[in-house]
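Coordinate inspection notes
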Amino acid sequence: NYNTVAVKYGPKIAAKLAAFFIIAAIILSPLPYILRYAGITYLIIVAISDLVFIKALVIILKDSSKDQALKSKKMILLAMFIALISFFTIPFLP
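Residues numbered from 1 in each chain as written. Predicted model: local features only at pLDDT ≥ 70, side-chain atom pairs only at ≥ 80, totals over all residues. Heavy atoms only, no water.

Quick notes on the overall build of the protein chain
Scanning the protein chain for helices and strands turns up five helices and zero strands. Counting only C-alpha atoms, the protein chain reaches 45 × 25 × 20 Å along its principal axes. Counting over 94 residues, the protein chain shows a buried share of 32%. Entry remark: accessible area of the protein chain is about 6,700 Å², with carbon and sulfur atoms responsible for 73%. (Helix = DSSP H or I, 4+ residues; strand = E, 2+ residues; numbered from the N terminus. Buried < 20%, exposed > 50% of the residue type's maximum accessible area, 1.4 Å probe, protein only. Areas by Shrake-Rupley, 256 points an atom, 1.4 Å probe, with all protein chains shown as cover.)

Structure below.
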């Protein structure tokens, strides 16, 4: 068995901690565009990622059961993959 946050402190605390990091990721995501390291293509793709993050956040905060946590985890992984794609666009697209 792993000593995860959910095991040690409960699923509600784990969901709140996950929400904190998701919100931080969403707030920081436009930073490369604002600092002019990335173009509009990055911003559009990362906005899609942010929408998926928000959907995952709503799911986990509504119901932190194992089934919903797994669904949220899959969505978070998808959002991270989309965000990764947005970073690959930086050197190639405006």
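Considering the layout of surface pockets
Approximately 480 Å³ is the volume attributed to the largest pocket. Looking at the largest pocket, it is lined by 15 residues, and the ones nearest its centre are Ala6, Ile60, Ala69, Leu70 and Lys73. Elements represented by at least two residues in the lining of the largest pocket include exactly helix H2 (11-28) and helix H5 (66-89). Among the residues forming the lining of the largest pocket, the class breakdown is 10 nonpolar, three polar and two charged. (1 Å grid on protein atoms, 1.4 Å probe; cavity = no way out; pocket = protein on both sides within 12 Å on 5 of 7 lines; lining within 4 Å. Points joined across faces, edges and corners; volume = space filled by probe spheres on them. Nonpolar A, V, L, I, M, F, W, Y, C, P; charged D, E, K, R; others polar.)

Regarding unusual backbone geometry
The phi torsion at Arg36 lies on the positive side, around 65°, for a residue other than glycine. Looking at the element boundaries, Arg36 is found in the loop between helix H3 (31-34) and helix H4 (40-62). Here Arg36 falls in the exposed class, since its relative accessible area comes to 77%.

Description of the packing of aromatic side chains
Taken as a whole, this structure holds two aromatic pairs when the rule is applied. When the centroid spacing of 5.3 Å and the interplanar angle of 75° are considered together, the rings of Phe20 and Phe21 count as edge-to-face. Exposure class is identical for Phe20 and Phe21. Each is exposed. (Phe/Tyr/Trp six-rings, centres within 6.5 Å; stacked < 30°, edge-to-face > 60°.)

Observations regarding the side chain of Asp50
Here Asp50 is to be found in helix H4. Buried and without a salt bridge, Asp50 has Lys55 as its closest oppositely charged side chain, separated by 16 Å. In contact with Asp50, other than residues within four places in its own chain, are Ile26 and Ser29. (Lys, Arg positive; Asp, Glu negative; His and termini not counted. Salt bridge = Lys/Arg side-chain N within 4 Å of Asp/Glu carboxyl O. Contact = heavy atoms within 4.5 Å.)

Re the nonpolar core
One finds Ile22, Val52, Phe53, Met75 and Ile76 to be the most contacted residues of the largest nonpolar core, which totals 13 residues. Among the elements that line this core, the one with the most residues is H4, at six residues. In this structure, Ile22 is in contact with Phe53, Leu57 and Ile76, ignoring residues within four places of it in sequence. (Core = buried A, V, L, I, M, F, W, Y, C linked by side-chain atoms within 4.5 Å.)

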